[in-house]
Amino acid sequence: MKYLIIIISVLLMYTAPAAAHHPFFPGKLAADTSVYPVNDPEFIEDIVAGGNEADQDGKSKKKGADKSSKSSTTSTRSRRVTSPTEKLAALTPEEENMISDLKNKNRKAIGIELIAPLQFKYAILLDMPVEMINDSKLLELIDSWYGTKYKYGGDTREGVDCSGFAKAFMSSYYNVELTRRSQDQYKQCTTKVKKKKLIQGDLVFFKTNGSRGGINHVGIFLCNNKFVHASTSSGVIISDLDEEYYKARYAGAGRIVK
């Protein structure tokens, strides 16, 4: 028994976790950082372009409970994904005050008090550790649009639709000029990307009028299954690809050489 313990101890000394690369965190991750995979639905191919940019509310009814088995075994239930907006709205008043007060804290403090307000806010929205949220240019760009109301045909912070936002965002951050309509933006992508291969800056597309209605909604993938887009109900927000509404209407993704 003692030899088994010695062998295990030696193996642990020479075992190190694999480093992971993250778009918000260009450096090597610390040894105690965990990266959790997400479940991805199958990529949908042979997409037919067309349709109008409308009905991207992301509202859907909750599915009924799964049937329980007659035996005493536990039944399997579907996982409901909480939207990033819901998580941010669930902050307590004390946590909201923390975000507002962070900018006034002593910069020599330790822990969370060193994190800028935007990093703390988007760590919640992206469900990521705050130390991995350090692209200030990206955060400031997203925040400058965040909450902008939806306006069909709009392309300014006075009101914007999904393709107008994608066009402005990609131009500002990546210096990539997109066409104006979402179905044309899909055609413009030089590479079609499977969902499990998405990286920051890829465009994600949806068919909100049914599978035969054509692409009529677009967003920009960020990380951790999250994307930023202009929805008809909430304006510019961050959503999760596994939210019931978007998962059911996901049509594919594309990448443009930057």
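Please refer to the structure higher up on the page.
Everything numeric here is computed off the predicted structure, so don't read it as measured data.

(A) Up close: the pattern of salt bridges. If you walk through the whole model with that rule in mind, you get six salt bridges. Between Lys121 and Asp143 there is a salt bridge whose closest N-O contact spans 2.7 Å. Of this pair, Lys121 sits in helix α4 (residues 117-126) while Asp143 sits in helix α5 (residues 136-145); the two residues are 22 residues apart in sequence, bridging distant segments of the chain. Classification of Lys121 as buried rests on a relative accessible area of 18%. Residue Lys226 pairs with Asp240 through a salt bridge whose shortest N-O separation is 3.1 Å. Highlighted residues: Lys226 in strand β6 (residues 226-231) and Asp240 in strand β7 (residues 235-240), separated in sequence by 14 residues. Taken individually, Lys226 and Asp240 each receive the classification buried, so the pair is uniform in this respect.

(B) Examining the packing of α4 against α5 more closely. Where α4 contacts α5, the two axes come as close as 10 Å, and the packing angle between them is 75°. For the element pair α4 / α5, the angle class is roughly perpendicular. From α4, Leu118, Gln119, Lys121 and Tyr122 reach across to α5, where they touch Leu139, Glu140, Ile142 and Asp143. The residue makeup of the contact of α4 with α5, split by class, is four nonpolar, one polar and three charged.

(C) Structural detail: unusual backbone geometry. Unlike most non-glycine residues, Asn175 shows phi in positive territory, near 60°. Looking at where Asn175 falls in the secondary structure, it is placed in the loop between α6 (162-174) and α7 (182-188). The exposure class assigned to Asn175 is exposed, which follows from its relative accessible area of 66%.

(D) Spotlight on the packing of α5 against α6. Their axes nearest at 11 Å, the elements α5 and α6 cross at an angle of 150°. Compared by their axis directions, α5 and α6 come out roughly antiparallel. Crossing geometry of α5 relative to α6 is assigned as right-handed. Residues Lys137, Leu138, Leu141, Ile142 and Trp145 of α5 lie in contact with α6, whose contacting residues are Phe165, Ala168, Phe169, Ser172 and Tyr173.

(E) Highlighting the packing of aromatic side chains. Counted by the stated rule, this structure contains 11 aromatic pairs. Summarising the aromatic geometry, the rings of Tyr173 and Tyr174 are spaced 4.6 Å apart at their centres and angled 80° between planes, so their arrangement reads as edge-to-face. Classification of Tyr174 as buried rests on a relative accessible area of 17%. A ring pair is formed by Phe206 and Tyr246, whose centres lie 5.5 Å apart and whose planes are at 65°; its orientation type is edge-to-face. Taken together, the positions of Phe206 in strand β4 (residues 203-206) and Tyr246 in helix α8 (residues 244-249) put the pair 40 residues apart, joining distant regions of the chain. The exposure classification of Phe206 matches that of Tyr246, with both residues buried. Members of the aromatic cluster, each reached through a chain of ring pairs, are Trp145, Phe165, Phe169, Tyr173 and Tyr174. Against the face of Tyr173 rests Lys137, its NZ or CZ located 5.1 Å from the ring centre.

(F) Summary view of the pairing of β6. Within β6, six of the six residues are buried, which leaves the element mostly enclosed by the surrounding structure. Covered by surrounding structure in β6 are Lys226, Val228 and Ala230 together with Phe227, His229 and Ser231, the residues of both alternating faces. Sheet topology places strand β5 (residues 217-223) next to β6; three bridges connect them, and they run antiparallel. Looking at the pairing, Phe221 lines up with Phe227 of β6. The loop that links β5 with its antiparallel partner β6 comprises two residues; one of these, Asn224, has a positive phi angle of about 50°. Here six bridges tie β6 to β7, and the two strands are oriented antiparallel to one another.

(G) Representation of the environment of Arg157 in the model. Of note, Arg157 is situated in the loop between β1 (155-156) and β2 (159-160). When the C-alpha positions of Arg157 and Trp145 are compared, they lie 6.4 Å apart, and in sequence the two are 12 residues distant. For Arg157, the contacting residues outside a window of four places in its chain are Leu141, Ser144, Trp145 and Thr148. Within the structure, Arg157 has its side chain in polar contact with the side chain of Ser144 (distance 2.9 Å).

Definitions and limits used
- Residues numbered from 1 in each chain as written.
- Predicted model: local features only at pLDDT ≥ 70, side-chain atom pairs only at ≥ 80, totals over all residues.
- Heavy atoms only, no water.
- Salt bridge = Lys/Arg side-chain N within 4 Å of Asp/Glu carboxyl O.
- Helix = DSSP H or I, 4+ residues; strand = E, 2+ residues; numbered from the N terminus.
- Buried < 20%, exposed > 50% of the residue type's maximum accessible area, 1.4 Å probe, protein only.
- Axes fitted to C-alpha atoms, helices over the stretch in contact; angles between N-to-C directions.
- Parallel < 35°, antiparallel > 145°, perpendicular 65-115°, else oblique.
- Contact = heavy atoms within 4.5 Å.
- Nonpolar A, V, L, I, M, F, W, Y, C, P; charged D, E, K, R; others polar.
- Left-handed = near helix turned anticlockwise from the far one by under 90°.
- Phe/Tyr/Trp six-rings, centres within 6.5 Å; stacked < 30°, edge-to-face > 60°.
- Lys NZ or Arg CZ within 6 Å of the ring centre and 35° of its normal.
- Pairing = 2+ DSSP bridges.
- Polar contact = N/O pair within 3.5 Å; in protein donor to acceptor, adjacent residues only side chain to side chain.

Worth remembering: the numbers are spatial, not functional.
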